[in-house]
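Secondary and tertiary structure notes
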Amino acid sequence: MEKFKQSLSRLVFCLFCMFSVALYQEAGSRAASKEDFAEIKSNIITAYKNYQAVVDLSRYNVYEKTDKAGLKQVMTEVINETPGLFYAGQEYTKEIVSETSQVKRIVLSYSKEYTNADGAINVPKIKSTRKKINSGIKSAMKNVKSSMDDAEKAMVLHDYIVANTSYSDQRTDKNRVSEAGVFIGHKANCQGYSLAYGILLEKAGIGVRYVVSEKMGHMWNLVRIDGKWYNTDVTWDDPLDTYSASDQYSLVHHKYFLKSTRNFKANGHYGFKAKQASSGRFNNMYWKDVTSSFYYRNGRWLYMGDSGIMERKSLLSGKPEVLFSVNGRAFARFNDNKYYFIAGNSIYIYNRLSGRTLPVWRTSDYYSPSYYLTQVMYSEGKVYYRLLKGRKYIKGSFKVNNSGFP
């Protein structure tokens with residue numbers, strides 16, 4: 001996101017926002033053009049960016065009878081698929097001339113979180129939130145290096161979101177449907193994941209689009225690499241915990257990274273159109289079986305593979321070097337030179353400079369043999385772990401010094 005399969009878990013939890021639309025008398029018969037709708041969409045986005053509530057449509061000859069579906073599609077794309085509008089509301093109304101059914105104006109709504117008690121738009125709060133989002137974007141973009149190609153940039157940004165975000169579609173997580181959920185609260189649903197990834201890709205100079213399956217209630221990205229489009233579902237590459245349905249420490253999947261539409265449909269996605277993603281160039285890349293982040297260090301890629309701790313000169317070609325042979329899992333960075341991982345029922349630290357591996361923490365020192373160590377993560381001076389006993393998880397942590405040891 002294992003008790004839940006990826007497709008089933010996201011299908012259950014990832015719900016799209018629904019619009020409440022005021023309906024009026026239908027009488028018109030003249031349909032607006034595709035160009036009209038494109039311009040209307042641009043005007044609505046501009047209105048939101050300028051904190052306006054009303055958009056005048058009188059010059060477009062939009063009618064309720066013939067253009068209702070087209071206008072609804074425009075509003076869906078604006079609110080659900082436009083990065084930067086985290087403060088947009090999920091409802092809108094139309095002012096319609098009763099005699100002709102012409103839609104004269106659209107009245108936009110803003111999220112209650114960003115409106116005052118009197119209904120006025122709380123612009124200072126929007127700006128404050130945007131500042132926090134930009135800080136999160138800046139942190140994510142530190143992982144992108146000028147020496148990387150577009151596929152490598154797409155990879156590190158994919159891994160950053162998965163490693164730093166927990167899936168949630170709980171109403172209490174108010175920012176879950178926007179990039180604010182990823183960059184501020186670190187909790188989001190598929191819409192939040194997709195918008196955040198889209199922002200980062202654009203910052204990296206990579207083409208991006210959004211794919212929506214209404215039948216699945218799901219959303220993901222199309223990513224442009226070397227002139228061709230590929231599906232990437234960051235949400236489904238962030239696996240949920242087997243028994244608690246919560247985020248898993250340091251576990252990053254790549255099964256849905258840069259895949260063709262045919263591959264996606266063969267692996268659980270349905271009810272969508274993405275014919276432009278026809279290339280299967282990356283469908284069978286080795287990374288589809290890698291369940292750790294890829295860490296970029298001095299022009300090389302470090303990750304945990306089936307044979308142990310692996311290193312590559314290129315993410316796309318060549319053979320990996322096995323730096324340390326181990327049946328390990330949950331590869332987590334302490335700093336650029338040291339990494340934690342689990343082997344057996346213990347936590348180890350690997351030093352890339354010296355090539356040494358030393359034990360840091362043993363389950364048997366604190367728990368009975370019935371507890372099984374499954375997850376590890378490092379954050380701000382602490383190592384966090386999860387133990388499994390039967391179907392029950394136990395969380396714990398311990399402080400470490402500057403060398404990475406307790």
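Residues numbered from 1 in each chain as written. Predicted model: local features only at pLDDT ≥ 70, side-chain atom pairs only at ≥ 80, totals over all residues. Heavy atoms only, no water.

In this description, an aromatic ring pair is defined by two values, namely the gap between the centres and the angle between the planes. Using the criterion set out here, one finds 34 aromatic pairs in the structure. Look at Tyr48 and Tyr110: their rings are 5.1 Å apart centre to centre, the planes differ by 65°, and that puts the pair in the edge-to-face class. Residue Tyr48 is located in helix H2 (residues 34–49), and its partner Tyr110 is located in strand S4 (residues 103–110); the two are separated by 62 residues in the primary sequence. Residue Tyr48 is classed as buried on the basis of its relative accessible area of 0%. Relative to Phe282, the ring of Tyr230 has its centre 4.9 Å away and its plane inclined at 65°; by these criteria the two rings are edge-to-face. With a gap of 52 residues between them, Tyr230 in strand S9 (residues 228–232) and Phe282 in the loop between helix H8 (261–266) and strand S10 (295–297) connect regions that are remote in the sequence. In this structure an aromatic cluster arises from ring pairing among Tyr230, Phe257, Phe282, Tyr286, Trp287, Phe294 and Tyr303. Sitting above the plane of the Tyr286 ring, Arg312 keeps its charged end 3.6 Å from the centroid. (Phe/Tyr/Trp six-rings, centres within 6.5 Å; stacked < 30°, edge-to-face > 60°. Helix = DSSP H or I, 4+ residues; strand = E, 2+ residues; numbered from the N terminus. Buried < 20%, exposed > 50% of the residue type's maximum accessible area, 1.4 Å probe, protein only. Lys NZ or Arg CZ within 6 Å of the ring centre and 35° of its normal.)

What follows concerns the pairing of strand S20 (residues 392–399). Note: strand S19 (residues 382–389) against S20, eight bridges, orientation antiparallel. Considered in S20, the bridge of Leu387 is made with Ile394. Linking S19 to S20, which pair antiparallel, is a turn of two residues; within it Gly390 sits at a positive phi near 65°. (Pairing = 2+ DSSP bridges.)

This part is about the pattern of salt bridges. Scanning the model with the defined rule gives ten salt bridges in all. Bridged by salt links that share partners, the residues Arg300, Glu311 and Arg352 form one connected network. (Salt bridge = Lys/Arg side-chain N within 4 Å of Asp/Glu carboxyl O.)

The next thing to look at is the pairing of strand S8 (residues 218–225). With seven of eight residues buried, S8 lies mostly within the body of the structure. Inspection of the sheet shows strand S7 (residues 208–213) paired to S8 by six bridges, in the antiparallel sense. Across the sheet, the residue bridging to Val212 is Met219, located in S8. Counting the residues between successive antiparallel strands, the hairpin from S7 to S8 contains four residues, one of them, Gly217, with a positive phi of roughly 65°. Taken together, the five bridges between S8 and S9 define a ladder with antiparallel strand orientation. Note on S9: the bridge partner recorded for Val223 is Tyr230. Where S8 folds back onto S9 in an antiparallel hairpin, the turn is made up of two residues, including Asp226, whose phi is positive at roughly 50°.

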